Amino acid sequence: MKKFYLSSSDKKIGGVCGGLSEYFDIDPLIVRIAFAAFILSYGAGLVTYLLIWLLAPKNHQQW
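Attention here is on the structure that accompanies the text. Worth saying up front: this structure is predicted, and the values here are computed from it rather than measured.

Relative to the helices and strands, Ser-21 resides in helix H1 (residues 16–24). Ser-21 gets classed as buried once you look at its relative accessible area, which sits at 4%. A polar contact is formed between the side chain of Ser-21 and the backbone oxygen of Gly-18, at a distance of 2.8 Å. Contact partners of Ser-21, with chain neighbours within four places excluded, come to Asp-10, Ile-26, Asp-27, Pro-28 and Val-31.

And the structure:
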């Protein structure tokens, strides 16, 4: 079963976008652009990002 974790290898700020891209198997740039658009258009994207960053478990696996 697939679980969502904050990315420890592909992160710019908190690993949220990297974790989402790994979970959904898509390019992290797409997730980052979507979050940026969500933040700029509605402002709720920032709150969503921060909540995910605070509540999601961290990936402690070492590659």
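Our focus in this paragraph is the side chain of Ser-7. Looking at the element boundaries, Ser-7 is found in the segment before H1. The class of Ser-7 is buried, set by a relative accessible area of 3%. Residue contacts for Ser-7: discarding those within four places in its chain leaves Gly-15, Gly-18, Gly-19 and Glu-22.

Right, let's talk about H1 for a bit. By the burial criterion, the buried members of H1 are Val-16, Cys-17, Gly-18, Gly-19, Leu-20 and Ser-21. As for H1, its buried residues are in contact with helix H2 (28–41) and helix H3 (44–55).

Here we take up the layout of surface pockets. Taken as a whole, the largest pocket holds about 230 Å³ of empty space. In terms of lining, the largest pocket is formed by 15 residues, of which the most central are Lys-12, Ile-13, Cys-17, Arg-32 and Tyr-49. Breaking the lining of the largest pocket down by element, the ones donating at least two residues are H1, H2 and H3. If one sorts the elements of the lining of the largest pocket by residue count, H2 sits on top with four residues. Class assignment of the residues belonging to the lining of the largest pocket gives a composition of nine nonpolar, two polar and four charged.

The next subject is a nonpolar patch on the surface. A contiguous nonpolar patch, built from Ile-13, Ile-39, Leu-40, Leu-46, Leu-50 and Trp-53 and spanning about 600 Å² of accessible area, is present on the exposed surface. When residues of the nonpolar patch are traced back to their parent elements, those giving at least two are H2 and H3. Here the nonpolar patch takes three residues from H3, the largest share from any one element. Mapped onto the elements, Ile-13 comes out in the segment before H1. Relative accessible area serves as the criterion here: at 58%, Ile-13 is assigned to the exposed category.

Rules of the game
Think of each chain on its own: its residues are numbered from 1, step by step along the sequence as written. Where totals are concerned, whole chains, interfaces and linings use all residues; where local detail is concerned, this predicted model gives features only for residues with pLDDT of at least 70, and gives and counts side-chain atom pairs only at 80 or more. The basis for every side-chain value is the complete set of non-hydrogen atoms in the structure, without hydrogens or water. A run of DSSP states H or I qualifies as a helix once it reaches four residues; a run of E qualifies as a strand once it reaches two. Both are numbered from the N-terminal end. Relative accessibility thresholds used throughout: buried, under 20% of the residue-type maximum; exposed, over 50%; partly exposed, between the two (1.4 Å probe, protein chains only). Contacts described as polar in this section are N or O atom pairs within 3.5 Å, which, within protein, must combine one atom able to donate a hydrogen with one able to accept it, while residues neighboring in sequence count only if both atoms come from side chains. The criterion used for residue contact is that any of the two residues' heavy atoms lie within 4.5 Å. In this analysis a 1.4 Å probe is tested at points of a 1 Å grid over the protein atoms alone, and where it fits but cannot get out there is a cavity; an open set with protein on both sides within 12 Å along at least five of seven lines is a pocket; lining residues have an atom within 4 Å of a point. Grid points are joined across faces, edges and corners, and a volume is the space filled by probe spheres set on the points. Under the grouping applied here, Gly and all other residues not named as nonpolar or charged are polar, the nonpolar ones being Ala, Val, Leu, Ile, Met, Phe, Trp, Tyr, Cys and Pro and the charged ones Asp, Glu, Lys and Arg. Think of a patch as exposed residues, more than 30% relative accessible area, with no salt bridge, where like charges cluster within 9 Å and nonpolar side chains (Val, Leu, Ile, Met, Phe, Trp, Tyr) cluster within 5 Å. Here the accessible surface of atoms and residues is derived via Shrake-Rupley with a 1.4 Å probe, and residues count as covered only by protein chains that are part of the display. We define a salt bridge as a side-chain nitrogen of Lys or Arg found within 4 Å of a carboxyl oxygen belonging to Asp or Glu.

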